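Survey of secondary and tertiary structure
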Amino acid sequence: MDGIVRVVFQNFELKSTSPIIRTNAGEEMSRRGSSSNPCDLLKKIKEFTRCLLEDLRRGRSPSVTLNRYRIYCTDPSGKCCCSSDLHMGKEIVSLQKECHAYRLDVLLRVLLIIQQLLQENRHGSKRDIYYMHPAVFSEQAVVDRAINDICILLECSRHNLNVVAVGKGLVMGWLKFFEAGKKFDCINSPSKAHPVPVFVEEVEGIVSVAQYILIVEKEAVFQRLADDRFCDTNNCIVITGRGYPDVPTRRFLRLLIENLCLPVYCLVDCDPYGFDILTTYRFGSMQMAYDAKFLRVPEIRWLGAFPSDSKKYGLPERCLLPLTAGDMKKAEAMLLRCYLQREAPKWRSELEMMMQRGVKFEIEALSASSISFLAEKYIPSKIQGGGYI
Amino acid sequence: MEDFCKSSLFYSDQHLCYAEILPPSEVRARIEVAVLNFLRTLISPNPSISSLPLINRRSNNRRVSHGLLTDVSSIFLSHSFCARSLMKANATKAFVRVWKVMEICIELLVHEKKVTQRELFYKLLCSSPDYFTSQLQVNKTIQGQCPTGHDVVAFLRCSRYSLGIMASSRGALIGRLFLQEPNQEIVDCSTCGSSGHAITGDLNSLENLVIKSDARYIIVVEKHAIFQRLAEDRIFNQIPSIIITAKGYPDIATRVLLHRLTRALPDLPIFALVDWNPSGLAILCTFKFGSITMGLEAYKYACNVRWLGMRGCDLHLIPEQSFIPLKPWDLQIAQSLMSSEMLQENYREELTLMVQSGQRAEIESLHFHGYDFLGKYIATKIVQSDYI
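Residues numbered from 1 in each chain as written. Chains lettered and ligands numbered in written order. Predicted model: local features only at pLDDT ≥ 70, side-chain atom pairs only at ≥ 80, totals over all residues. Heavy atoms only, no water.

Now for the overall build of chain A. What chain A contains, in helices and strands, is 16 helices and 13 strands. By its C-alpha atoms, chain A is 75 × 50 × 35 Å across when sized along the principal axes. For chain A, the residues scored as buried account for 58% of the 389 residues in total. Sequence separation of 24 or more characterises 75% of the internal contacts of chain A that already satisfy a separation of 6 or more. Counting only carbon and sulfur atoms, one obtains 51% of the accessible surface of chain A, whose full area is about 16,500 Å². Averaging the positions of the 53 positive and the 46 negative side-chain charges in chain A gives two centres separated by 3 Å. (Helix = DSSP H or I, 4+ residues; strand = E, 2+ residues; numbered from the N terminus. Buried < 20%, exposed > 50% of the residue type's maximum accessible area, 1.4 Å probe, protein only. Contact = heavy atoms within 4.5 Å. Areas by Shrake-Rupley, 256 points an atom, 1.4 Å probe, with all protein chains shown as cover. Lys, Arg positive; Asp, Glu negative; His and termini not counted. Charge placed at Lys NZ, Arg CZ, Asp CG, Glu CD.)

Right, dumping it as C-alpha cells:
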C-alpha cells in the first residue's frame, strides 16, 4: 500500500476536472470515450490517477474495475452471449487482497512507463518494459497482464499505448501502399515478399487491382507460391502470418478488407493447429479478446485443406499422417467452442470428420506428385469452383 | 585485391574442399559425372564397390585456416577421405538415399524449380517409402552432421541452395547504404521504415549487387527486437553505420550479403551485438568463421566480426534480477563451442565466465537505464575501441 501511494504521489501530475467524485476509478472510465489518440489517452491516464488519489485522500481503499471479455465459452446450449461485443462481467482489483495489491503496483508502474512512451512519442516492446523494473516484475507474464488490463481500462488497443512487437507477417501481390511516406510498390514485382508493416496506423494510400486476398498459414507455402510466381498469373494478394498471426498482421488484413472489400480465402494444413489458426483469423484469440472487434475477419472463407480433399485430389495414402494424442485433445477442446456451432457449423463438421478419420496432412503433401500442383491447379480450381466454406 | 586475398591463405586452394554455389547446369553436370564414375567403378575389372571415397566430416578432419594477411579465419574440411564398406546393410541404405535425393534434384534442376525440404520429404515418402521415413533422415541425407559423409552436399561439393532447395532469407538491414540489384531501382536503405530492407534469398542477385555507402561501421545484431529498436531510434544517423540482422541464427543469404559488404567496403569494421549467452556467441562465431557443423559451406563467407557486446565487462550495468539461469541447451552449445579449436582465447574466457556463473542476460536488460541508453552504450564502446 505504501509503495503504491509513493509511486502515485511522486510520479503523476494532478489535474482536477469535474467535481464529481467516484469511489471506483474504473467506473468512470467505462463511460464510452472512444478516442484513442495519444492526447486523449494521456488525459485518461491523468483522470484515472486523479480518481485513485481522491480515494486515497478520503481514506477510502482504492479499487479498479476491469471488464472481462471472452470470445467463446464451452456452453453447448447456444444461449451464451459470446457473439456480442459486450464484456462478460467485471473484475474488481482492490487493495484488500495482497495479490491484488501487487497487481495494482505492477499496473501503475507499467502505466507510468506507457505515459512516458506516449509523451515522448516512442515505441517499446513488452520485453523492454519488463526489464525496466526487474526487481518488481517477477516475470514477463505479469507485465503482459498489466498491459492487457490497461488496454481494457483505457478502452484502447495495445498499439495505441505505443507497445509494439516485431513484425512477423509477409505480403506479396497486386498491392501498393504507403507506410509513413515510404512507398511499397508490390505491383512491379508481384512475387516479391514484403514484411507486413508494424505501424499499421501509418499505412495509407492503399491501391490494388487484385480480385481476392489469400491467407496462407505457413511461410513455406508462401515461399512455394512466390517461387511459382503465383501472383504473376493470378490477380491477388497473398499474406502469411507465419503460424499464429500476430497483431500487426491481423490489423493489416482488416485494413485491406475495409479499404478494398475483396473476398478473403484461407489456406491451412488439415490438422487441429491449422484449424485453430483459421479460427484465430476469423473470431480472434482469447488473449486479445478485448480487442477482438478490431482484429477479427468474419468474412474469411476456409479454402482448404479439407479432410475430403485428400481423396478428391488423389493424395497418396502415405502422406496422411496419424493424429497424435495431443492433436485429438486439441481437436476435442475446439469442438466445444460455442461460436463454431452458432456461426460456422460447416467448419465444425469438417473438424469432426478429421477426428473420425484420425489422419492429418500438410499443404506441402499436395506438391508430392507435381511441384506446381498447388499454384496451378489446386488453388485456382477451388476458388473458381466455389470449393470453400 | 580479391585474388590477392584468396592466394594469401597458405593452404593451396586446390586441396580445400568446399561447397560452392553453382548454377543449375554445373550441378547437373556434377551429378552426371558422379553417375558415370559410379558406373565405371561397377564395371571395372576389380569392382571395389565395397569402398567409396567420401568426405570425412569427423571433427578431427576440421581444420582452421587463420588468414595471415587478412585477419579472417575460417574452417574447412580437408581432403581426408574415408572408406565406407557397402557390406553393411545400414551403410548401403544411407548410400542409396543419397542417390534417391540426387534423382529428384536432377529432375528439379532440369525444370529449374525449387523445393522446400518438407516438400522433398513428401516426394521421397511417396517415391521411395522403403528408404525414407522421417524429415530428419531427409535433412541428414542432404547435409548430414554425422561423420559418414553420406550426404549430397559433400558428395557433389555444392551448396544446398544449388541443389534446388529453397532457402528463405530472414535477414534485414538498414542504414547509410545505397543498394542496386541488377536492372532494378536504387534502394536507399536509410528510409526503409523500422522493418528495414529485407535481404533477398536470391543468392545470385546478391553477388551482383551494386553497393555505395558513407557509413563508418557495420553493426550485426542478433535479435529482431533490437534491430527494430535501433532502426526506430535511427542510430545509423548518429553513428554512421549499416545495421544488419539475421533475426537469430544466420542464414546463408545474410552471410553472403555481409561478405559482399566487407568486400565492397573493406575499411569498415564489423561489430556484433549479441545477448550474453552461449547462443549469442555461437551466432557471432557463425558470422565470423562459418558454420561449425557445416564445414563445407563455411569457407567462402567468413568475415572479421568483432565482439562489441554484451560481454563480461558490461555485466555491472545490469541489475541482478535481470539475469536468467542458463538452460541445458545453452550448456550444450557452450560445450560444443569450447571443443572447437578455432575459438580464440579471449572468447574462451568469456564463455567460461558464462558457464561458471550459470546465468545469461539479454540486451534488452540495458533498458533499465532508459531508452536512450542502448545508443549511448554502443557509441561509447565503439569510440573506446572496447571490442574483442
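From this point, things continue past the structure.
This part covers the overall build of chain B. Of the regular secondary structure elements, chain B holds 15 helices and 16 strands. When burial is assessed residue by residue, chain B has 54% of its 388 residues classed as buried. Sequence separation of at least 24 residues holds for 76% of the intrachain contacts in chain B that already meet a minimum separation of 6. Carbon together with sulfur atoms contributes 53% to the accessible area of chain B, which is approximately 17,000 Å² in total.

Taken from the UniProt record, the annotation "domain: Topoisomerase 6 subunit A/Spo11 TOPRIM" (unreviewed entry) applies to residues 212-383 of chain A. The distance separating the terminal C-alpha atoms of residues 212-383 of chain A is 10 Å; by composition the span is 51% helix and 13% strand. (UniProt positions renumbered as here; feature names shortened; annotations may be inferred.)

Turning our eyes to something else, we now look at the UniProt feature "active site" (unreviewed entry) in chain A. Per the UniProt record, "active site" (unreviewed entry) is annotated on Tyr131 of chain A. Residue class for Tyr131 of chain A comes out buried when judged on its relative accessible area of 0%. Excluding residues within four positions of it along the chain, Tyr131 of chain A makes contact with Ser322, Ile324, Glu362, Glu364, Ser365 and Phe368 of chain B.

We now examine the packing of aromatic side chains. Evaluation of the coordinates by the stated rule reveals 20 aromatic pairs over all chains. A ring pair is formed by Tyr265 of chain A and Tyr388 of chain A, whose centres lie 4.9 Å apart and whose planes are at 50°; its orientation type is tilted. Here Tyr388 of chain A lies in the segment after helix H16 (373-384) and Tyr265 of chain A lies in strand S10 (residues 264-267), a separation of 123 residues in the sequence. An aromatic cluster is defined as three or more aromatic residues linked by ring pairs; in this entry it consists of Tyr72, Phe275, Phe283, Trp302, Phe306, Tyr339 and Trp347 of chain A. A cation sits over an aromatic face here: Arg282 of chain A above Trp347 of chain A, 4.9 Å from the ring centre. Of note, Lys114 of chain B hangs over the ring of Tyr161 of chain B, and the distance from its end group to the ring centre comes to 4.4 Å. (Phe/Tyr/Trp six-rings, centres within 6.5 Å; stacked < 30°, edge-to-face > 60°. Lys NZ or Arg CZ within 6 Å of the ring centre and 35° of its normal.)

Further remarks concern the confidence of the model for chain A. Confidence in the prediction of chain A, expressed as mean pLDDT, is 85, and 90% of residues score 70 or more. Overall, residues 10-33 of chain A carries pLDDT values under 50, and its contacts beyond four positions in sequence, including any with other chains, amount to 53 contacts. (pLDDT = per-residue confidence, 0-100.)

Below, the discussion takes up the domain arrangement of chain A. All names here are of chain A. One can read the domain layout of chain A as domain 1 (4-159) and domain 2 (170-385). Spacing between the C-alpha centres of domain 1 and domain 2 amounts to 34 Å. At the junction of the two partners, domain 1 supplies 20 residues and domain 2 supplies 22 residues. Taking both partners together, domain 1 and domain 2 bury about 1,900 Å²; carbon and sulfur atoms supply 59% of that area. Together, Ile71, Tyr72 and His159 form the three largest contributors to the area buried by domain 1 at its contact with domain 2, with a combined 34%. Our count for the domain 1 to domain 2 interface comes out at zero salt bridges. Summed over the shared surface of domain 1 and domain 2, the result is six residue pairs in polar contact (both at pLDDT 80 or more). When grouped by side-chain class, the residues that make up the side of domain 1 that touches domain 2 number nine nonpolar, six polar and five charged. (Domains from an automatic or database assignment. Buried area = accessible area lost by both parts, 1.4 Å probe. Salt bridge = Lys/Arg side-chain N within 4 Å of Asp/Glu carboxyl O. Polar contact = N/O pair within 3.5 Å; in protein donor to acceptor, adjacent residues only side chain to side chain. Nonpolar A, V, L, I, M, F, W, Y, C, P; charged D, E, K, R; others polar.)

The next subject is the interface of chain B and chain A. The partner chain A presents 40 residues to the 38 residues of chain B that form the contact. A combined buried area of about 3,600 Å² lies between chain B and chain A, and 53% of that area is made up of carbon and sulfur atoms. The largest per-residue losses of area from chain B upon contact with chain A belong to Glu119, Tyr122 and Tyr371 of chain B, which jointly make up 18% of the total buried on that side. Our count for the contact surface shared by chain B and chain A stands at eight salt bridges. Between Asp372 of chain B and Arg122 of chain A there is a salt bridge, and its shortest N-O distance comes to 3.0 Å.

Attention shifts here to the sheet that holds strand S8 (residues 186-188) of chain B. Residue and element names in this part refer to chain B. If you walk across this open sheet you meet the three strands as S8-S7-S10, and the pairing is antiparallel. A strand with exactly one partner marks an edge of an open sheet, and here the two such strands are S8 and strand S10 (210-213). Each neighbouring strand pair of the sheet contributes to a mean axis angle of 20°, computed without reference to strand direction. (Pairing = 2+ DSSP bridges. Axes fitted to C-alpha atoms, helices over the stretch in contact; angles between N-to-C directions.)

Below, the discussion takes up helix H2 (residues 24-43) of chain B. Residues three or four positions apart in an α-helix share a direction because the helix packs 3.6 residues into each turn. Residues and elements named next belong to chain B. Spanning 20 residues, H2 covers 29 Å between terminal C-alpha atoms, matching the ideal 28 Å at 1.5 Å per step. Taken together, the buried positions of H2 are occupied by Val27, Ile31 and Ala34. Taken down its axis, H2 places every buried residue within 55° of arc, on the same side. Every exposed residue of H2 that faces more than 90 degrees away from the buried side is listed here: Arg40 and Ile43. (Expected span 1.5 Å × (residues − 1). Arc of directions from axis to C-beta.)

Leu214, Leu225, Val238, Phe252, Leu267 and Ile379 of chain A are the most contacted members of the largest nonpolar core, which has 112 residues in total. The element contributing the most residues to this core is helix H3 (residues 89-111) of chain B, with nine residues. In terms of nonpolar packing, the next biggest core, distinct from the first, is built from 77 residues, Ile211, Phe227, Leu257 and Ala272 of chain B among them. (Core = buried A, V, L, I, M, F, W, Y, C linked by side-chain atoms within 4.5 Å.)

Here the focus is a nonpolar patch on the surface. All names here are of chain B. Nonpolar side chains collect at one region of the surface, where Val35, Leu36, Leu39, Leu42 and Ile43 lie side by side and expose about 460 Å² of accessible area between them. Turning to its location among the elements, Leu39 is positioned in helix H2. Under the relative-accessibility criterion, Leu39 is labelled partly exposed at 44%. (Patch = residues over 30% accessible without salt bridge, like charges linked within 9 Å, V, L, I, M, F, W, Y side chains within 5 Å.)

Glancing now at the pairing of strand S6 (residues 172-175) of chain B. Side chains on a regular strand alternate between the two faces of the sheet. All names here are of chain B. Neither face of S6 is open: one carries Ala172 and Ile174, the other Leu173 and Gly175, and all of them are buried. Pairing analysis gives two bridges linking S6 to strand S9 (residues 197-198), with the strands arranged antiparallel. Counterpart to Ala172 in the pairing with S9 is Ala198.

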